[in-house]
Amino acid sequence: MSTTIAVVLMLAVVAYAVFGGADYGAGFWDLIAGGPDRGSRPRRVIERAIGPVWEANHVWLIFIFVVMWTAFPEAYASITLTLYVPLAIAALGIVLRGTSFAFRKVVVSTRYRRMFGAGFASSSVLVPYCMGAIAGGIASGEVPAGGEAGDPVDSWINPTSVVSGVLAVAVVAYLAAVYLVWDARRQGDADMVEYFRRRAMVAAVVVAAASTVGLLVLRADASYVFDGLKSRGLALVIVSVGCGAGALVLLVRGAPRGARLLAMLAVASLIASWGAAQWPYLLPESLTVSDAAAPTGTLQAVLAAVLLAILFVLPGFVLLFVLDQRDLLPEEGVEDAGDRAPDNLPG
Amino acid sequence: MSATLNELVAIADVDPVPWARAQMAFTLACHIILVPLGVSWALMTLIANYRAIRHDDRDALVLAQRWSKYMAVTFAVGAVTGTVLSFEFGLLWPKFMGRWGEAFGVPFAFEGLFFFTEAIFLAIYIFGWRRLKPWTHFWTGVPIVLAGIFGSASVVAANAWMNSPSGFTLDSNGNVIDVDPVGVIFNDAMPLQAAHMILAAYVVGGFLVASVYATGMLRGRQDRYHRLGFVIAFTVAAVATPIQMGVGDALARWVFNNQPAKFAAIEMVPETSKDVPETLLGHLNEDGTVSGGIKIPGLASWLSDPSTGSSTTVQGLNEFPADERPTTRQVNVVHLAWDVMIGLGTLLFLLSVWYAASWIFRRRMPASKWFLRAAACSGVLAIITMEAGWVVAEVGRQPWIVYHHMKVEDAATANTGIWIMFIVVVILYLALAVTTILVLRAMSRRFRRSGGFTDHDTPYGPSESLEDAEVKAGEKTVR
């Protein structure tokens, strides 16, 4: 049973990365889109693309936390005791990002839009970096078992954490760029299709490079996970590389439909390969999944909740995405032409 | 260099327990203000939406649409402040989560479902105004209301479990070895506590929204739109308030029967006795005497169990070892918070009675300026009432985090640097509070200026094509 829950946890992490991660990645492109004039068109695409879905995507994180502390309380205690600095930064970053995005949507003056935009975009980079650093700290065995604290600094400022943090930012930016190609296409903005297609290709190359560096770092710094990638996780690594390469080819050829799916698969299998590589450990070489698991009754309750989620929440999730992709959920700003004019006057 | 570093470390090295408590209290106190809006505003919006479609009521339609846009902002703030709480369980109380997570966490697994549902349908509802069919759109709002109710019930189930832990088996070392999820969720305190919080959400949400429209009417905006906004919200609150008093009374009796130390703190009873007076205000001294306050003879005993009346015995603080009951200071806090909750709750109840009487006898809402003035204050008063009630529940439980199983001081993190996080959180949240209010006000002003609908096209109407929107956007950029 603990294995099933661990798989559920991994799927939730993958879902958060593939859906929620892309919303962070969109924030990355928002950050580097340039000044208010040059950046207004990409920002418009970004705002429309993530507006209706980011809160639902964000719930995956809550789900990960809940499964973690309910099904694996000892590991949760160890992780939060050890990695409290990046966790605290991520929590504050999440507050800043969510509220800034919501506020930016409903204010009209350029000054305030820029202020909230900066809050949204900078925290969109900070949070995935912290998440990556946390994952790196866990992967490199910095978190001890038994609800004990590891080193509060080395646990997240170490080679594996740094490279995982950078990789996380690159991955979410890559996914976002790929998705934004479609969002721009849906919004009928050919220039922006091209804009994000180019960025998606660059990001793909950066992800590939960061992953390669990551492998070298893992070999030196997290040998258990490195060995796991060569054995237990090898199939997933190959799938990831294959899908990533396929997606890149399709992006070069003008981004037909399959590119988005391949990009999602590439990222999903990349993350899943990490999970497979550290199996059977939840905290590599100190706590196995089965040792960390809560009593059976708790695991059954979590499974019941997951089944209910599949029955009732998943259809809602699909409905939201279908409606969104069919443009049935258009942007609902509060601006009107009359208000906007004075704020946009030059000087 | 290293001396300075050591000094810095020494400064940062403070007892984490009070800081952990302060941060949890502060972030919860902030989040709990947003909860009522998340739970009850959706219902009010749907009432307006229903009226709009059923009676082709344009004012109601404008209300529903604007409320949904405000809701988008308050929900986002609520979602992220709620996320902070789930980080804090680990960051502040890792030992509590490590030992009890397998039981305490269970209700949250189900809360996650409801939060998902709420986020999904809120997005569909908020963004669905223009392109979904009217009734389809209306029905996408219904899951938000249900998810709000069941979601808060789940969260409160976890809190209630801390008051009446059940559904688990311990081994000889005190570790949880078996969990009965049903026993955890439906613990003894859960039904009444959950009902009390859900009703509080309707009371606070209703009065808060109504108070905004009451203020508008006092400023001369006496149009039908403002009246409608007021009536929908105030009616929700006025219906919930009397029910809330009944549930609150039952919950107090539950505390009397199950958490006598908390009850002794609430009623400020130093020594076990019969014929215990209800003390309004007053102060408990370190030597166990009560000074000041107005005493109503026998009332506390009588309320505790009306069947035995004033001869009901109420256990006093002297029954419990000093380290198993709230400290004197905490008793004073609990008692004052209790008085505030009861006092303000009663005022809100009287206001609801005034409103109901006017509808019954005159078939309209009270016309008096004084009623509107009171209603304009009701939102803030309702928030204070709710916060006070929450202080009673939480401070009254001290020193326990899991009643009779684990103390707060044993649950907190050992990280001595968390005071830094607390200061950052306070600054961030204060900025967030100010900004949220400013943004909501700016939205309201803009809505008012633009008169009717604020977007390029109307809800449920033919929508502007994307190309037109692009052209307009282009023009704006050029200009």
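Quick caveat: nothing in here was measured; it's all calculated off a predicted structure.

K.L.:
Lay out the overall build of chain B with the relevant residues and their values.
P.N.:
Tallying secondary structure elements over chain B gives 16 helices and eight strands in all. With the C-alpha coordinates aligned to their principal axes, the bounding extent of chain B is approximately 75 × 70 × 45 Å. Scored against the burial criterion, the 479 residues of chain B give a buried share of 50%. Residue pairs at least 24 apart in sequence account for 74% of intrachain contacts in chain B once pairs closer than 6 positions are excluded.

K.L.:
Requested: an account of the overall build of chain A, with residues and values cited.
P.N.:
When helices and strands are counted, chain A shows 14 helices and two strands. For a compact globule of 347 residues, the expected C-alpha radius of gyration is about 20 Å, and chain A comes in at 20 Å, within 12% of that figure. Judged by the C-alpha coordinates and their principal axes, chain A covers about 65 × 40 × 40 Å. A buried classification covers 63% of the 347 residues belonging to chain A. Long-range contacts, defined here as pairs at least 24 residues apart, represent 79% of the contacts in chain A between residues at least 6 apart.

K.L.:
Tell me about the environment of Gly132 of chain A, and name the residues and values.
P.N.:
All names here are of chain A. Mapped onto the elements, Gly132 comes out in helix H6 (residues 110-139). Gly132 sits 127 residues away from Ala259 along the chain, and the two C-alpha atoms are 25 Å apart. Setting aside its immediate chain neighbours within four residues, Gly132 contacts Ser164, Gly165, Leu167, Ala168 and Val169.

K.L.:
Give a detailed account of the interface of chain B and chain A, specifying residues and quantitative values.
P.N.:
Taken together, the 72 residues of chain B in the interface contact 66 residues of chain A. For the side of chain B that touches chain A, the leading source of residues is helix H5 (residues 106-127) of chain B, giving 16 residues. Tallied by class, the residues present in the side of chain B that touches chain A amount to 42 nonpolar, 17 polar and 13 charged.

K.L.:
How would you summarise the environment of Arg130 of chain B if you had to cite specific residues and measurements?
P.N.:
Here Arg130 of chain B lies in the loop between H5 and helix H6 (134-163). Sequence separation between Arg130 of chain B and Ile423 of chain B is 293 residues; the distance between their C-alpha atoms is 43 Å.

K.L.:
Let's hear about the nonpolar core: which residues, and what values?
P.N.:
Grouped together as the largest cluster of nonpolar side chains are 297 residues, with contacts concentrated most on Tyr174 and Leu180 of chain A. Looking at which element gives the most residues to this core, the answer is helix H3 (residues 58-92) of chain B, with 20 residues. Not counting residues within four places of it along the chain, the set of residues in contact with Tyr174 of chain A comprises Gly25, Ala200, Ala203, Ala204, Val207 and Ala263 of chain A.

K.L.:
How would you sum up the packing of H3 of chain B against H5 of chain B? Please name residues and give values.
P.N.:
Residues and elements named next belong to chain B. For the pair H3 and H5, the least separation of the axes is 10 Å and the interaxial angle reads 155°. As the angle between them shows, H3 and H5 are arranged roughly antiparallel. The interaxial crossing formed by H3 with H5 has left-handed handedness. Note on element contacts: H5 touches H3 through Ala119, Leu122, Tyr125 and Ile126, opposite Ser68, Ala72, Phe75 and Ala79. For the contact of H3 with H5, a count of residues per class yields seven nonpolar, one polar and no charged.

K.L.:
Go over unusual backbone geometry, please, and point to the residues and values.
P.N.:
Residue Pro280 of chain A is reached from Trp279 of chain A by a cis peptide bond, and omega for that bond is 0°. One can find Pro280 of chain A in the loop between helix H11 (258-278) and strand E1 (281-283). Residues other than glycine seldom take positive phi values, yet Met268 of chain B does so here, at roughly 50°. Looking at where Met268 of chain B falls in the secondary structure, it is placed in the loop between helix H10 (260-267) and strand E3 (278-280). A count of 27 C-beta atoms within 10 Å places Met268 of chain B in the buried class.

K.L.:
Help me get a handle on the confidence of the model for chain A, residues and values and all.
P.N.:
Confidence in the prediction for chain A averages 85 pLDDT; 95% of positions are at 70 or higher. Across residues 333-347 of chain A the pLDDT falls below 50, and counting only partners more than four positions away or on other chains, this stretch makes 23 contacts in the model.

K.L.:
An account of the environment of His196 of chain B is needed here, citing residue identities and associated values.
P.N.:
Residues and elements named next belong to chain B. Tracing the chain through its elements places His196 in helix H8 (residues 190-218). Spatially, the C-alpha atoms of His196 and Trp139 are 27 Å apart, while their sequence positions differ by 57 residues. The contact partners of His196, leaving out residues within four places of it in the chain, are Val247, Gly248 and Leu251.

K.L.:
Summarise the pairing of strand E2 (residues 176-179) of chain B; cite the residues concerned and give the values.
P.N.:
Residue and element names in this part refer to chain B. With three bridges joining them, strand E1 (residues 168-170) and E2 adopt antiparallel strand pairing. Paired with Leu170 across the bridge in E2 is Val176. Counting the residues that bridge the hairpin from E1 to E2 gives five residues, and of these Gly174 lies at a positive phi of roughly 85°.

K.L.:
Kindly report on the confidence of the model for chain B, identifying the contributing residues and their values.
P.N.:
Residues and elements named next belong to chain B. With 91% of its residues at a pLDDT of at least 70, chain B reaches an overall mean of 86. Helix H16 (residues 466-478) is the least confidently modelled element of chain B, averaging 40 in pLDDT, while H8 averages 94, the highest of any element. A low-confidence stretch, residues 452-459 (pLDDT under 50), is modelled with 19 contacts involving residues beyond four sequence positions or located in other chains. Segment residues 461-479 is flagged for pLDDT under 50; beyond a separation of four residues in sequence, or across chains, it makes 18 contacts in the model. Reported confidence for the predicted complex is 0.83 by ipTM and 0.86 by pTM.

K.L.:
I'd like to hear about the packing of H6 of chain A against helix H7 (residues 159-186) of chain A, residue by residue, with values.
P.N.:
Residue and element names in this part refer to chain A. Packing of H6 against H7 brings their axes to within 7 Å, and their N-to-C directions diverge by 135°. Taken together, the axis directions place H6 and H7 in an arrangement best described as oblique. For the crossing formed where H6 meets H7, the hand is right-handed. Side by side, H6 and H7 meet where Val125, Pro128, Tyr129, Met131, Gly132, Ala133, Ala135, Gly136, Gly137 and Ala139 of the first sit next to Thr160, Ser161, Val163, Ser164, Gly165, Leu167, Ala168, Val169 and Val172 of the second.

K.L.:
Which residues make up helix H13 (residues 369-395) of chain B, and what values go with them?
P.N.:
Helix length check: H13 of chain B (27 residues) gives 39 Å between terminal C-alpha atoms against 39 Å at 1.5 Å per residue, within 8%. At Ser378 of chain B, H13 of chain B shows its maximal bend, which comes to roughly 40°.

Rules behind the numbers
Residues numbered from 1 in each chain as written. Chains lettered and ligands numbered in written order. Predicted model: local features only at pLDDT ≥ 70, side-chain atom pairs only at ≥ 80, totals over all residues. Helix = DSSP H or I, 4+ residues; strand = E, 2+ residues; numbered from the N terminus. Buried ≥ 20, exposed ≤ 12 C-beta atoms within 10 Å, placed from the backbone. Contact = placed C-beta atoms within 7 Å. Rg over C-alpha atoms; globule rule 2.2 N^0.38 Å. Nonpolar A, V, L, I, M, F, W, Y, C, P; charged D, E, K, R; others polar. Core = buried A, V, L, I, M, F, W, Y, C linked by C-beta atoms within 7 Å. Axes fitted to C-alpha atoms, helices over the stretch in contact; angles between N-to-C directions. Parallel < 35°, antiparallel > 145°, perpendicular 65-115°, else oblique. Left-handed = near helix turned anticlockwise from the far one by under 90°. pLDDT = per-residue confidence, 0-100. Pairing = 2+ DSSP bridges. Expected span 1.5 Å × (residues − 1). Bend = angle between axes of the 7 residues up to and from the residue.

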